Amino acid sequence: MSIRTPPTLLWLAGESLLRDQASAIAALEYLPAKLFPLLFIQACRRRIPEPLTAMVQAWPFPVLPLGSLMRMPPVMVLQAVFEGLGFLLDQQVCPRRWKLRVLDLRTTGANFWRMWCGDSTRNCSPMGPVAVQSSSPNMEHSLAPLEVFLDLNFSEMDGVKFFMYIIQWAQQKEGLVHLCCKALRIYEVPFQRVRRVLGGVQLDCIQEVEVNCTWDLPTLGTFARYLGQMSNLQSLALCHIKVLAEEEDEEEEMEEEEEVQEEEEEEEQKKMKQAVEEEYLWKREEEEQEWEEEEEWEREEQEKQRYFSQFLSQMLRLGHLKKLYLESPSFL
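Presented here is an overview of the structure given in this document.

What counts as what
Residue numbering note: each chain is counted from 1, following its sequence as written. Residue-level local features of this predicted model are given only where pLDDT is at least 70; pairs of side-chain atoms are given and counted only at 80 or more, and the full residue set underlies all totals for whole chains, interfaces and linings. As a rule here, side-chain values come from all non-hydrogen atoms in the structure, and water together with hydrogens is ignored. Two aromatic rings, drawn from Phe, Tyr or Trp (for Trp, its six-membered ring), form a pair once their centres lie within 6.5 Å of each other, and the interplanar angle then sorts them: stacked below 30 degrees, edge-to-face above 60, tilted otherwise. Partly exposed residues are those whose accessible area sits between 20% and 50% of the maximum for their type, while under 20% is buried and over 50% is exposed, using a 1.4 Å probe and protein chains only. Secondary structure elements follow DSSP: runs of H or I no shorter than four residues count as helices, runs of E no shorter than two count as strands, and numbering proceeds from the N terminus. The convention used is that axes are lines fitted to C-alpha atoms, helices contributing only their stretch in contact, and that angles between N-to-C directions extend from 0 to 180 degrees. Note on terminology: angles under 35 degrees are roughly parallel, angles over 145 are roughly antiparallel, angles of 65 to 115 are roughly perpendicular, and the others are oblique. In this analysis, two residues are considered to be in contact whenever any of their non-hydrogen atoms come within 4.5 Å of each other. Here, a strand pair is defined by DSSP locating no fewer than two bridges between the strands. Place the viewer so that the strands point away; then a crossover is right-handed whenever the path from the first strand over the helix to the second strand goes clockwise. Definition of nonpolar core: a set of buried residues of the types Ala, Val, Leu, Ile, Met, Phe, Trp, Tyr and Cys, connected through side-chain atoms within 4.5 Å. Salt bridges, as used here, are contacts in which a Lys or Arg side-chain nitrogen is within 4 Å of a carboxyl oxygen on Asp or Glu.

Moving on: the packing of aromatic side chains. This structure, assessed with the given rule, holds 14 aromatic pairs. Taking 5.5 Å as the distance between ring centres and 65° as the angle between the ring planes, the aromatic pair formed by Trp59 and Phe61 counts as edge-to-face. Phe61 matches Trp59 in its accessibility class, with the two residues each being buried. For the pair Phe61 and Phe112, a centre-to-centre distance of 5.3 Å together with 85° between the ring planes defines the contact as edge-to-face. Taken together, the positions of Phe61 in the loop between helix H4 (49–57) and strand S1 (63–64) and Phe112 in helix H7 (residues 110–117) put the pair 51 residues apart, joining distant regions of the chain. Since its relative accessible area comes to 0%, Phe61 is described here as buried. With relative accessibility at 1%, the residue Phe112 sits in the buried group.

Our next topic: the packing of helix H3 (residues 36–45) against H7. For the pair H3 and H7, the least separation of the axes is 8 Å and the interaxial angle reads 110°. Compared by their axis directions, H3 and H7 come out roughly perpendicular. When H3 is examined against H7, the residues Pro37, Leu38, Phe40 and Ile41 are found in contact with a partner set consisting of Phe112, Trp113, Trp116 and Cys117.

In strand S7 (residues 208–212), alternate side chains face the same way, and those of Val209 and Val211 are buried while those of Glu208, Glu210 and Asn212 on the opposite face are not. Across five bridges, the pairing between strand S6 (residues 183–187) and S7 is parallel. Across the sheet, Tyr187 pairs through a bridge with Asn212, a residue of S7. On the question of chirality, the crossover connecting S6 to the parallel S7 by way of helix H9 (residues 191–198) is right-handed. When S7 meets strand S8 (residues 235–239), the two strands line up parallel, connected through five bridges.

Here we come to the environment of Glu210. Examined against the element boundaries, Glu210 turns out to sit in strand S7. Judged by its relative accessible area of 23%, Glu210 is partly exposed. Expressed as a C-alpha distance, the spacing of Glu210 and Asn153, which sit 57 residues apart in the sequence, is 9.4 Å.

Moving on to the nonpolar core. If you look at the biggest cluster of nonpolar residues, it comprises 78 residues, and the most contacted ones within it are Phe40, Trp59, Leu85, Leu152, Phe154, Leu184 and Phe223. Setting aside its immediate chain neighbours within four residues, Leu152 contacts Phe163, Cys181, Ala183, Leu184, Arg185, Val197, Leu198 and Val201. The next biggest cluster of nonpolar side chains, apart from the first, holds five residues, and it includes Val63, Val102, Phe149 and Cys180.

Taken as a whole, this structure holds four salt bridges when the rule is applied. Note that Lys173 is salt-bridged to Asp90, the shortest N-O span being 2.7 Å. Here Lys173, found in the loop between helix H8 (158–172) and strand S5 (177–180), pairs with Asp90, found in helix H6 (residues 75–91); they are 83 residues apart in sequence, far enough to count as distant. In this structure, Asp151 engages Arg185 in a salt bridge whose closest nitrogen and oxygen atoms are separated by 4.0 Å. Linking Asp151 in the loop between strand S3 (146–149) and strand S4 (152–154) with Arg185 in strand S6, this pair joins segments that are 34 residues apart in sequence. As far as the burial class goes, Asp151 and Arg185 line up, both buried. Within the structure, one salt-bridge network assembled from shared partners comprises Asp151, Arg185 and Glu208.

With respect to the element layout, Thr222 can be found in helix H10 (residues 217–227). Given a relative accessible area of 13%, Thr222 falls into the buried group. When near neighbours in sequence (up to four residues on either side) are disregarded, Thr222 contacts Phe191 and Arg195.

For the rest of this paragraph, the subject is the sheet that holds S5. Pairing within the open sheet is parallel, and its four strands lie in the order S1-S2-S3-S5. Every interior strand has two partners, whereas the edge strands, S1 and S5, have only one. Here H6 sits on the sheet and contacts strand S2 (102–104), S3 and S5; the angle it forms with S2, its principal contact strand, is near 165°.

Here we take up the sheet that holds S7. Pairing is parallel in the open sheet, where five strands are placed in the order S4-S6-S7-S8-S9. Edge strands, defined here as strands with exactly one partner in the open sheet, are S4 and strand S9 (323–327). The average undirected angle you get between the axes of adjacent strands in this sheet is 0°. Summarising the sheet, S8 and S9 pair through five bridges and their orientation is parallel.

From the geometry alone we can't say anything about function, so treat these as descriptive.
Here is the structure:
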């Protein structure tokens, strides 16, 4: 039978402090920096917004790695964090101890929380746990007091709402907040949802793209227009991009229809052989039908070629691309 590890004195002190929220908020001015991460975790778990907002305003570290603490923070937690940041950014007045420059919503930075909330906290300097992130120097955007890092992982339907909530907040703080999305990963999510998010972020921030979807050429061509704007893209992986199965089914149905049509035409041809004039008219009609089918096929091929050319032309614009991975590209 395993014995549960008892809570540390620091943990118990944090719980005691949060029982009186007003006192906890008032004490932040004098609270040692090493207690902030532990107190922040407790406030997140207990869903107490007021202390979260106050702690963000007095955060003594350059980075708040919220994404590694909660993979997809609840709206309540985000609202509390954004409220604290928004108040300071709007007033342009920061508390003496406030050093926050980066809000990291990615899943990186787990060492920060382990360092400050584990046994090693006794030997750590208040400024040592996390290095300040920065955007690529090639990216064109105004310098903002706060950078927000976010990875766009489209693997869950709720993720779109989460992304849009952050994007809309950053847009409201234009000039004060720079939202930087360095990674884009799409896993079997309708492209319309992805398109909505891509329209709200700076595409020149994206450095890594991974797509694992069943897309047709028109969808790939549309995505290529966004891809061409990712001027700092370094890694691109396209997996299992192919023509949708529905199109394959349509082709099979067309073949069956053609077979039936051919049988009917053969029967009709036997009857029309009785008269030279009728036979001539039938051949004329058949030639016109074949010409129309050939013209339709040529139009479809030209359309496919146009989408592929669009994709290829955008690929050639990726001057910083270092890694390209294609798996089962049936469109080639």
